[in-house]
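# An overview of the molecular structure
Now for the letters of each chain:
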Amino acid sequence: MLISNIGLLAGIDSEHRTCLRGNEMSTMHTLQNAWLRTDGEVIHSWGSMDTFPSTDGNEEITDAAGGMVMPAFCDSHTHIVYAGSREGEFVDKIHGLSYEEIARRGGGILNSSDRLRATSENELYTQSMERAREIMAMGTGCVEIKSGYGLSIDSELKMLRVTARIAESVPMKVKSTFLGAHAVGREYAGRQQDYVDMLCREMLPAVAAEGLAEFVDVFCDEGFFTVDQTAQILEHAARYGMRPKIHANELAVSGGVQTGVAHGALSTDHLERIGQEEIDLLAKSDTVATLLPGASFFLGMPYGPARSLIDSGATVALASDYNPGSSPSGNMRMVMSLGCIKMKLTPEEAFNAVTINGAAAMDCGADYGSIATGKTANLIVTRPMPTFAFLPYAYATPFIDRIYLKGQPVT
């Protein structure tokens, strides 16, 4: 395929980088009045229109008509495999209940767990595929899907099997994460350590036996899993080759960042409540600091300190946290806008956080997240816009003209 008359080709990476750190994130390489060629599923070449290549007549030529071409979004933190919805809790929040209060009343994650256990695998797949198609239509080309609403061996495996089916059904790149330590199942109420022991002894081997997850995650936070329990789970998961990722510091300064970095976590996610110690630690590590502004927006929580993390030299990604309770949206363009509006990132920094660094947080920055030769041709062709900054500025104005995943149009 050959795309002509591109008003702005954005996210060019001639150095084949897999992530951007600190002040590197402020730079976005572009080319005006450009063309781009794909070769099968990958990006082949690009240039300015005054060097438009000749064709042999067997190549599809598509006209961008002055629109921008950019890499598809890379959303490194979602929970889109779930059953039903939780708008009742949305109303509870309007009436003043906090996330923690709803959880103590049996809502929150356990509410989703009850619904998921009562839902067949086929129905769960049908519901979850709707969300997968939804996020693709909004420009996501690479996504991580976490389990964590099953909280039993059978139901966690059901979630992970559905994720595997989604990966086989869509052109979007799908990464799978086992999050059995999202909460404690109701049958283990008051016996949290017993649940952790069962997870290590039974859940992890079962997940590994079917090859259903590349990563393992733990909700290491106040009221959920302790630092010691988190370390126990990560150490057992390492025996099965599962790389760690951490839900940390959403509700309190929990020690989750330190635990994640000490165990070589690919990313630590949330980070709404961290101090300079955690910021400095992340800046010195290879762990991606993944912030979830959609959850802060929906729950009225503080926004993660993206500005301080970038200024300190960390690798920062932004993700949607698409889930039924705290961020029921996978709109990565809105996530990018919140990064600018609420976290004071420049449009370029926010763009890099939802593309190349999102890919890095899923360990796929070598193949996704930028315009580079040999990278997968996951592309958004936008409608014409006056400047790049218009993308996060006019956050509700329709902007997508066409989407290509693996070099093929998505309908």
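Here we summarise the structure given alongside this text. (Residues numbered from 1 in each chain as written. Predicted model: local features only at pLDDT ≥ 70, side-chain atom pairs only at ≥ 80, totals over all residues. Heavy atoms only, no water.)

Another point: helix H7 (residues 227-238). Over its twelve residues, H7 runs 16 Å from end to end, which matches the ideal 16 Å to within 8%, given 1.5 Å per residue. Of the surrounding elements, those touching the buried residues of H7 are strand S8 (173-181), helix H6 (192-210), strand S9 (215-220), strand S10 (243-248) and helix H8 (256-262). (Helix = DSSP H or I, 4+ residues; strand = E, 2+ residues; numbered from the N terminus. Expected span 1.5 Å × (residues − 1). Contact = heavy atoms within 4.5 Å.)

If you look at the biggest cluster of nonpolar residues, it comprises 102 residues, and the most contacted ones within it are Ile166, Phe178, Tyr195, Phe225, Leu309 and Val316. Among the elements that make up this core, the one with the highest residue count is H6 (nine residues). Among all residues touching Phe178, those that are not within four sequence positions of it are Ser147, Glu156, Leu160, Leu199, Met203, Leu204, Val207, Ala213, Phe215, Val216 and Asp217. Ile3, Ile6, Ala34 and Ile43 belong to the second-largest nonpolar core, a separate cluster that totals 15 residues. (Core = buried A, V, L, I, M, F, W, Y, C linked by side-chain atoms within 4.5 Å. Buried < 20%, exposed > 50% of the residue type's maximum accessible area, 1.4 Å probe, protein only.)

Read across the sheet, eight strands follow the order S6-S7-S8-S9-S10-S11-S12-S13 without closing on themselves; strand pairing throughout is parallel. With partners counted over all chains shown, the strands left at the sheet margins are strand S6 (73-78) and strand S13 (316-318), one partner each. When the angles between neighbouring strand axes are averaged without regard to direction, this sheet yields 25°. Where strand S11 (residues 267-270) lies against strand S12 (residues 288-291), three bridges are found, and the strand directions are parallel. In the sheet register, Asp269 faces S12, and the bridge partner there is Thr290. Packing against the sheet, helix H12 (residues 332-341) makes contact with S6, strand S7 (140-146) and S13, and its axis sits at approximately 85° to S6. (Pairing = 2+ DSSP bridges. Axes fitted to C-alpha atoms, helices over the stretch in contact; angles between N-to-C directions.)

Positive phi outside glycine occurs at Asn249, with the angle close to 60°. Within the secondary structure, Asn249 is located in the loop between S10 and H8. A relative accessible area of 0% places Asn249 in the buried class. Backbone geometry places Asp363, a non-glycine residue, at a positive phi of 60°.

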